Amino acid sequence: MADEPLVLGIETSCDETGVGIVRGTTLLADAVASSVDTHARFGGVVPEIASRAHLEAMVPTIERALKDAGVSARDLEGIAVTAGPGLAGALLVGVSAAKAYAYALNKPLYGVNHLASHICVDQLEHGPLPEPTMALLVSGGHSSLLLAPDITSDVRPLGATIDDAAGEAFDKIARVLDLGFPGGPVIDRLAREGDPEAIAFPRGLTGSRDPAYDFSFSGLKTSVARWIEAKRAAGEEVPVRDVAASFQEAVVDVLTRKAVRACKDEGVDHLMIGGGVAANSRLRALAQERCERAGIRLRVPRPGLCTDNGAMVAALGAEMVARNRPASDWELSADSSLPVTDPHVPGAQHDHGHTHDHDHVHEISKDNLYS
């Protein structure tokens with residue numbers, strides 16, 4: 001294991017300040033500072049607040065990760081950071097911090113893709129990814145089916161949401177039911193006590209002429225909201241647990257059905273599920289049931305690795321180092337709409353064969369930063 005790359009990863013795409021440290025495919029530290037409680041009173045993430053929270057949490061979270069891993073910053077062989085997609089301001093905090101640490105430590109910098117990182121994190125729990133990997137990524141911002149022949153250089157989108165992502169729909173229905181934010185965990189909990197067949201909510205884009213791998217949850221969200229409004233208008237009590245269970249079943253039914261179909265169509269005998277919604281207990285159970293029937297092996301990281309975290313960024317960074325992928329240059333910037341087809345951002349210096357001159361920064365500053 002000592003020969004495997006030791007990499008620190010920084011994740012700041014939304015409201016979680018995540019710092020992870022891995023050695024190869026072994027997780028050494030996973031430190032997270034969340035600002036979700038601050039956003040809860042607004043009913044969603046406020047970008048400016050998220051950026052400020054990242055700024056305040058960054059150095060303490062990095063120091064905690066190094067302590068948990070039992071390593072020195074100078075031992076690191078690379079610094080990886082989410083370059084996109086995500087909230088622009090939040091991403092900039094992470095990218096700026098990563099550049100500062102990489103420069104001060106004289107370590108290579110790797111700007112990586114948030115979605116590709118969600119796939120790569122599974123290596124920390126279940127070992128190296130099969131090639132190709134079929135991945136279903138479901139979160140507050142993304143619902144995607146991806147085929148990854150090489151997680152460091154070749155990720156192909158098969159399908160994506162055309163409107164609301166699955167996690168976004170969970171949050172909106174939770175708001176209609178006055179359940180607070182974030183909505184996913186509380187709906188999951190209440191649904192366990194409800195009847196998933198109580199209400200026949202629609203399954204979007206499942207017709208014979210609809211795109212095979214795309215998702216749409218806007219119509220479902222509207223249908224559920226109108227059903228609740230009709231109950232309230234009639235003066236009737238809303239059966240919250242049955243609504244939660246029926247809504248959740250509609251979401252996970254579509255997700256798993258399309259994912260299994262993609263595996264069959266592409267001849268892939270396994271499925272990886274990642275992203276925050278992958279922590280949903282019903283999604284896990286139904287995916288397992290349908291994969292077993294189809295002869296497909298299911299890989300889902302533990303819930304703590306499904307939500308945004310630095311470990312997933314470090315995992316992809318370590319894979320970049322292991323496969324000798326080019327590092328990013330010092331002009332790396334955040335890209336809020338970075339396409340998943342770009343697993344990492346190598347930078348211009350590697351296209352032109354030159355490196356940047358850093359003489360304008362006093363060398364003594366490096367010595368003062370770390371002992």
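Scroll up for the structure.
Residues numbered from 1 in each chain as written. Predicted model: local features only at pLDDT ≥ 70, side-chain atom pairs only at ≥ 80, totals over all residues. Heavy atoms only, no water.

S.K.: It is not clear to me how the nonpolar core should be interpreted in this structure. Could you clarify?
M.R.: One recurring pattern in soluble globular proteins is that nonpolar side chains are buried together. Ranked by internal contacts, the top residues of the largest apolar core, which has 50 residues, are L136, F247, L255, L271 and I273. Sorting the residues of this core by element identifies strand 6 (133-138), strand 7 (143-150), helix 6 (166-176), helix 7 (183-191), helix 8 (218-233), helix 9 (240-266), strand 9 (270-274) and helix 10 (281-294) as the ones contributing at least two each. In terms of residue count, the dominant contributor to this core is helix 9 (13 residues). Ignoring sequence-local partners within four residues, the contact set of F247 consists of A169, F170, I173, I187, F201, L220 and V224. One finds A135, L305, A318 and V321 within the second-largest nonpolar core, a separate group that totals 31 residues. (Core = buried A, V, L, I, M, F, W, Y, C linked by side-chain atoms within 4.5 Å. Buried < 20%, exposed > 50% of the residue type's maximum accessible area, 1.4 Å probe, protein only. Helix = DSSP H or I, 4+ residues; strand = E, 2+ residues; numbered from the N terminus. Contact = heavy atoms within 4.5 Å.)

S.K.: Help me understand helix 6 in this model?
M.R.: Side chains three or four residues apart in an α-helix point the same way, a direct result of the helix having 3.6 residues per turn. Taken residue by residue, helix 6 has A166, G167, A169, F170, D171, I173 and A174 as its buried positions. On the buried face of helix 6, the contacting elements are strand 6, strand 7, helix 7, helix 8 and helix 9.

S.K.: Help me out: how do you make sense of unusual backbone geometry in this one?
M.R.: A cis amide bond, omega 0 degrees, links E131 with the succeeding residue P132. Its location among the elements puts P132 in the loop between helix 5 (123-126) and strand 6. Of note, the bond from F181 into P182 is cis; its omega dihedral lies within 30 degrees of zero at -5 degrees. Along the polypeptide, P182 turns up in the loop between helix 6 and helix 7. A positive phi angle is found at N106, which is not glycine, with a value near 60 degrees. Checked against the element boundaries, N106 lands in the loop between helix 3 (88-105) and strand 5 (109-113). One non-glycine residue, D178, adopts positive backbone phi at about 60 degrees. Relative to the helices and strands, D178 resides in the loop between helix 6 and helix 7.

Treat this as a map of the structure, not an account of what it does.
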